[in-house]
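Here is what each chain is made of, one letter per residue.
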Amino acid sequence: MAAHDGWRFGARGVRSSRREALFGGLCLCCLPTLGRSAEGFGLDEVGPGIFVRRGPDAEATPDNDDAIANIGFIVGERSVLVTESGGSLADGRWLRGQIRARTDKPISHVVLTHVHPDHCFGAEAFEADKPVFIGHHALRAALDARGEYYRTRLVEILGAEKAGRVVYPTLEVADGAEIDLGGRRLTFHAHGTAHTNCDLSMRDSASGLLFPADLLFVTRIPSLDGSLVGWLKEAEVLKAMGAEKAVPGHGPTLVAFAPALADLTRYLGTLRDETRKALASDMPIETAVATLGRSEADKWALFDLYHGRNVTQAFKELEWE
């Protein structure tokens, strides 16, 4: 379900439906495609007690369990926080197994960073732990609007036994929030509409690492499902947090934050500026999709799959400025 992290399937009818969904405005960005299942991955310890799995730059397929996002967990003195739940029940179960292989501390919190399925459909795997599910205050409404559609598509790809179901946040962050795992505090920020309308970022006090989720794509093309102007604005909010290192939603498990954010904002800025010029010259949208932003083509994985949708989204937003 990913217009941003997406999926393509072999059957013509499904490909066609996906294209209609993407260009009709529903982001499918985070469903499974090419790549390995969760079992084929390991975890990087990116900081003391912080473990992250890199998801491949791929779409959703039956072979990868929608394990295409960067997910992981943070171990405190008292308990464990899950940074992202995974893209399916199967993916979430894999992550829970990885946690239990390393610690028997209780899993007290699970973060649902936004509505896209590759980040939140593993949540069911943790329900027996009775954690606090943390999400943006707008996430519940976004899940109401899209959750069952995403689940239906996951069932079509993975089967009902692997797909997972919609899990709602039990702690809704309206602005900011803070939790303590024992010896490390996690600070949350609810962002304005950007990548989506329900993006949540997190900062770890013990390591200083920033977890911007899909507000930061590295190597994989950003997927616009909220507001282009808003995303550039929220990038400045992230920059002001002063982090040196970050764990992006997609890409390497740990990056230098400033250059990674600069790459993202260069792409988004190019998309904004060229779209405004195209609108001013009354360029047809079909021409715009085929021509705008081509200077970025060799800089991002999956560019041809998602850039056209980004142009379409930018047109829809900027034509009313």
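Residues numbered from 1 in each chain as written. Predicted model: local features only at pLDDT ≥ 70, side-chain atom pairs only at ≥ 80, totals over all residues. Heavy atoms only, no water.

Peer 1: Give a detailed account of the sheet that holds strand β10 (residues 200-204), specifying residues and quantitative values.
Peer 2: Judged by pairing direction, the sheet is mixed, and its six strands sit side by side in the order β8-β9-β10-β11-β12-β13 without closing on themselves. Of all the strands in the sheet, the pair left with one neighbour each is β8 (176-180) and β13 (255-256). In the packing of helix α6 (residues 228-240) onto the sheet, contacts are made with β9 (185-190), β10 and β11 (210-217), and the angle to β11 comes to roughly 155 degrees. Packing against the sheet, helix α7 (residues 257-280) makes contact with β11, β12 (245-250) and β13, and its axis sits at approximately 25 degrees to β11. (Pairing = 2+ DSSP bridges. Helix = DSSP H or I, 4+ residues; strand = E, 2+ residues; numbered from the N terminus. Contact = heavy atoms within 4.5 Å. Axes fitted to C-alpha atoms, helices over the stretch in contact; angles between N-to-C directions.)

Peer 1: Describe in detail the nonpolar core, supporting the description with residues and values.
Peer 2: In terms of nonpolar packing, the biggest core is built from 35 residues, with F73, L95, I99 and F126 touching the most fellow members. Listed by contribution, the elements that provide at least two residues to this core are β3 (71-75), β4 (80-84), α2 (89-102), β5 (107-112) and α4 (139-158). Among the nonpolar cores identified, the runner-up in size contains 33 residues, and L210, F217, L228 and A243 belong to it. (Core = buried A, V, L, I, M, F, W, Y, C linked by side-chain atoms within 4.5 Å. Buried < 20%, exposed > 50% of the residue type's maximum accessible area, 1.4 Å probe, protein only.)

Peer 1: Summarise the pairing of strand β2 (residues 50-53); cite the residues concerned and give the values.
Peer 2: Residues of β2 alternate between two faces, with I50 and V52 on one and F51 and R53 on the opposite face, all of them buried. By the bridge criterion, three bridges tie strand β1 (residues 44-47) to β2 in an arrangement that is antiparallel. Bridging across to β2, D44 finds its partner in V52. Here β1 hands over to β2 after two residues, with G49 in that stretch at a positive phi of 75 degrees. Looking at chain direction, β2 and β3 are connected through four bridges and run antiparallel. The partner of R53 across the bridge, within β3, is I71.

Peer 1: Kindly report on unusual backbone geometry, identifying the contributing residues and their values.
Peer 2: The phi torsion at D65 lies on the positive side, around 55 degrees, for a residue other than glycine. Relative accessible area serves as the criterion here: at 2%, D65 is assigned to the buried category. If you check the backbone angles, K130 has positive phi at about 55 degrees while not being a glycine. With respect to the helices and strands, the residue K130 is situated in the loop between α3 (117-120) and β6 (132-136).

Peer 1: An account of α4 is needed here, citing residue identities and associated values.
Peer 2: Between its first and last C-alpha, α4 extends only 24 Å over 20 residues, short of the 28 Å set by a 1.5 Å rise per residue. At R146, α4 shows its strongest bend, of approximately 50 degrees. Of the residues making up α4, those classed as buried are L139, A142, L143, R146, G147, Y150, R153, L154, I157 and L158. Contact partners of the buried residues in α4: β5, α3, β6 and α5 (160-163). The first or second residue beyond α4 is G159, which carries a positive phi of 95 degrees. (Expected span 1.5 Å × (residues − 1). Bend = angle between axes of the 7 residues up to and from the residue.)

Peer 1: An account of the packing of α7 against helix α9 (residues 303-318) is requested, with residue identities and associated values reported.
Peer 2: Put simply, α7 and α9 touch, their axes get as near as 10 Å, and they point 55 degrees apart. One finds that α7 runs oblique with respect to α9. The handedness of the crossing between α7 and α9 is right-handed. Counting all contacts with α7, which are made through Y267, L271, R272, T275, R276, A278 and L279, the residues of α9 involved are F303, H307, N310, V311, A314, F315 and L318. When its residues are assigned to classes, the contact of α7 with α9 shows nine nonpolar, three polar and two charged. (Parallel < 35°, antiparallel > 145°, perpendicular 65-115°, else oblique. Left-handed = near helix turned anticlockwise from the far one by under 90°. Nonpolar A, V, L, I, M, F, W, Y, C, P; charged D, E, K, R; others polar.)

Peer 1: Hey, could you go over the confidence of the model for the protein chain for me, with residue numbers and the actual values?
Peer 2: Detailed reading of the predicted model is not advised wherever pLDDT is low. Model confidence for the protein chain is summarised by a mean pLDDT of 90, while 87% of its residues fall at 70 or above. Here residues 1-26 scores under 50 on pLDDT; set against residues more than four positions off or in separate chains, the count is 113 contacts. Within the model, pLDDT remains below 50 along residues 30-37, and this stretch shows 62 contacts once partners closer than five positions in the same chain are excluded. (pLDDT = per-residue confidence, 0-100.)

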